[in-house]
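Chain and residue survey
Okay, here's what each chain looks like letter by letter:
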Amino acid sequence: MSLRYLFPCPQCGNEFELVSKQAGQQLVCAKCGSPTVAPKLGSLRQLETLGQEANISANSGSGGLRNLLFVCGLGLAILAGIGGYFLYQYAESKITEFDVNKTMDTFDVWADDQPPSVVAQ
């Protein structure tokens, strides 16, 4: 968490609320519209402080919900992987070996037993 500072506008005296991340950045006064540059970090620390900046992070507020969704998604991915593995095993068990030479020999025997009119079709 970073500190918040009060910085007065050089033109009208309207006070900006700044955090240390804004040091040295170009600002525009909301009251008079004049552009000004926020003081550098060393000068900023000499200004009046307002306290701590609220720590807004990706997990604040809904951290429990985000964690729950992550765990559910991870669980579904694991279940899908396990299901895919078993589907692969099942499909592999249904594959029969195919021996081309034996099949051709069987066809040749069948073809030899057929009359010429059946084989020519």
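Residues numbered from 1 in each chain as written. Predicted model: local features only at pLDDT ≥ 70, side-chain atom pairs only at ≥ 80, totals over all residues. Heavy atoms only, no water.

What follows concerns the overall build of the protein. When helices and strands are tallied, the protein shows four helices and five strands. Overall, the protein shows an N-to-C arrangement of helices and strands of β-β-β-β-α-β-α-α-α. Among the 121 residues that make up the protein, the fraction classed as buried is 14%. When the accessible surface of the protein is split by element, carbon and sulfur atoms take 59% of a total near 9500 Å². (Helix = DSSP H or I, 4+ residues; strand = E, 2+ residues; numbered from the N terminus. Buried < 20%, exposed > 50% of the residue type's maximum accessible area, 1.4 Å probe, protein only. Areas by Shrake-Rupley, 256 points an atom, 1.4 Å probe, with all protein chains shown as cover.)

This part takes up the packing of aromatic side chains. For the structure on display, the rule yields two aromatic pairs. Taken together, a centroid distance of 5.4 Å and an interplanar angle of 70 degrees make the contact between Tyr85 and Phe86 edge-to-face. For Tyr85, a relative accessible area of 46% puts it in the partly exposed group. (Phe/Tyr/Trp six-rings, centres within 6.5 Å; stacked < 30°, edge-to-face > 60°.)

Here we take up the side chain of Ser34. Topologically, Ser34 is positioned in the loop between β3 (26-28) and β4 (35-37). You can call Ser34 buried: its relative accessible area is 14%. When residues no more than four places from it in sequence are discounted, the contact partners of Ser34 are Cys9, Gln11, Leu27, Val28 and Cys29. (Contact = heavy atoms within 4.5 Å.)

On the surface, a cluster of nonpolar side chains totalling about 980 Å² of accessible area is made up of Phe70, Val71, Leu74, Leu76, Ile78, Leu79, Ile82, Tyr85 and Phe86. Tracing the sequence through the fold places Phe86 in helix α2 (residues 63-94). On the basis of relative accessible area, Phe86 is assigned to the exposed category, the value being 53%. (Patch = residues over 30% accessible without salt bridge, like charges linked within 9 Å, V, L, I, M, F, W, Y side chains within 5 Å. Salt bridge = Lys/Arg side-chain N within 4 Å of Asp/Glu carboxyl O.)

Now for a negative patch on the surface. A cluster of acidic residues, Asp99, Asp105, Asp108, Asp112 and Asp113, forms a negative patch on the protein surface. The residue Asp113 is located in helix α3 (residues 100-113) in this model. With relative accessibility at 61%, the residue Asp113 sits in the exposed group. (Lys, Arg positive; Asp, Glu negative; His and termini not counted. Charge placed at Lys NZ, Arg CZ, Asp CG, Glu CD.)

A few words on the side chain of Thr36. Relative to the helices and strands, Thr36 resides in strand β4. Beyond its immediate chain neighbours, meaning those up to four positions away, Thr36 contacts Phe7, Pro10, Phe16, Gln25, Gln26 and Leu27.

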